[in-house]
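Structural description and commentary
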Amino acid sequence: MKKYQHLLFDLDDTLLDFGAAEDVALHRLFEEKKIPLTEDIEANYRQINSNLWTRFENGEITRDEVLATRFAKLFAAYGQEVDGVQFDEKYRNYLTESKVFVKGAWELINKLALQFDLYLVTNGVSTTQYKRLQVTGLAPFFKNVFVSEDTGYQKPMKGYFDYVFERIPNFHTKKALIIGDSFHADIVGGIEAGIDTCWLNPNGKQSVDNYKPTYEIVGLQQLEKILL
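Report follows, based on the coordinates. Because the structure is predicted, anything quoted here is derived from the model rather than measured. (Residues numbered from 1 in each chain as written. Predicted model: local features only at pLDDT ≥ 70, side-chain atom pairs only at ≥ 80, totals over all residues. Heavy atoms only, no water.)

1. Let's talk about the overall build of the protein
Of the regular secondary structure elements, the protein holds 10 helices and six strands. Computed over C-alpha atoms, the radius of gyration of the protein comes to 18 Å, within 12% of the 17 Å expected from 2.2 N^0.38 for 228 residues, which places it in the range of a compact globule. C-alpha extents for the protein along the principal axes are approximately 60 × 35 × 30 Å. In the protein, which comprises 228 residues, the proportion classed as buried is 49%. Restricting the contact set of the protein to residue pairs at least 6 apart, pairs at least 24 apart contribute 64%. (Helix = DSSP H or I, 4+ residues; strand = E, 2+ residues; numbered from the N terminus. Rg over C-alpha atoms; globule rule 2.2 N^0.38 Å. Buried < 20%, exposed > 50% of the residue type's maximum accessible area, 1.4 Å probe, protein only. Contact = heavy atoms within 4.5 Å.)

The structure is reproduced here in structure tokens:
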């Protein structure tokens, strides 16, 4: 008998290669704006964006603040003023076009969907995430999709997990496993919500704070061995 029934998957850098999508989107955005995208500018953007999303996960700022300010902050660092909202809308449109999967993700989801109830749990912008699921063909495999924008909370907040659990039929914490690459959002959030956790950690990052995931894997093929 299977130990789990409900599998809760993160999206970015768990199933879809966000780095690859981001790279394409940034290059297309800067091409459209006729602005050279240097390595320094790209690295600076990634740092600014990462810091803003971390602050969002910590409840310090809103999602709209992340989206409205990341490009404005980037160009301000180089002494330029731009319409951050307009830049962000263009960028997110390009972001939805990527179909690059994390290695083994497509094959794994196809197998697991035959035996488990799959759910998507992701922080981000609803319209962007739904479009990406449609473009990549992942949407039909999931019983439900929970984007932070729709819930009023974000991972790792308890309110986010409460919202998700209340909307999964016949949900039981002991039958649920969350799989994700973010130690803070997915693993700490899952542990505090009372469910088992699987940390996808291909780069060998160190865990923090005395939290220990139920499983730790370096590739999705290892998850198949755990579940099947």
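Still to come is the rest of the account.
2. Brief notes about the nonpolar core
Counting residues in each nonpolar core, the largest one holds 28 residues, and the members touching the most others are Leu7, Phe9, Leu15, Leu112, Phe142 and Leu223. Counting residues per element, the ones that place at least two in this core are strand 1 (6-9), helix 5 (105-112), strand 2 (117-122), strand 3 (144-147), strand 4 (176-180), strand 5 (196-200) and helix 10 (221-227). Here this core gets four residues from one element, more than from any other, and that element is helix 5. For Leu7, the contacting residues outside a window of four places in its chain are Leu112, Phe116, Asp117, Leu118, Tyr119, Leu177, Ile179 and Leu227. Core analysis: the second largest hydrophobic core is formed by 24 residues, Phe18, Ile48, Val66 and Val125 among them. (Core = buried A, V, L, I, M, F, W, Y, C linked by side-chain atoms within 4.5 Å.)

Function cannot be read off these values alone, since they describe shape.
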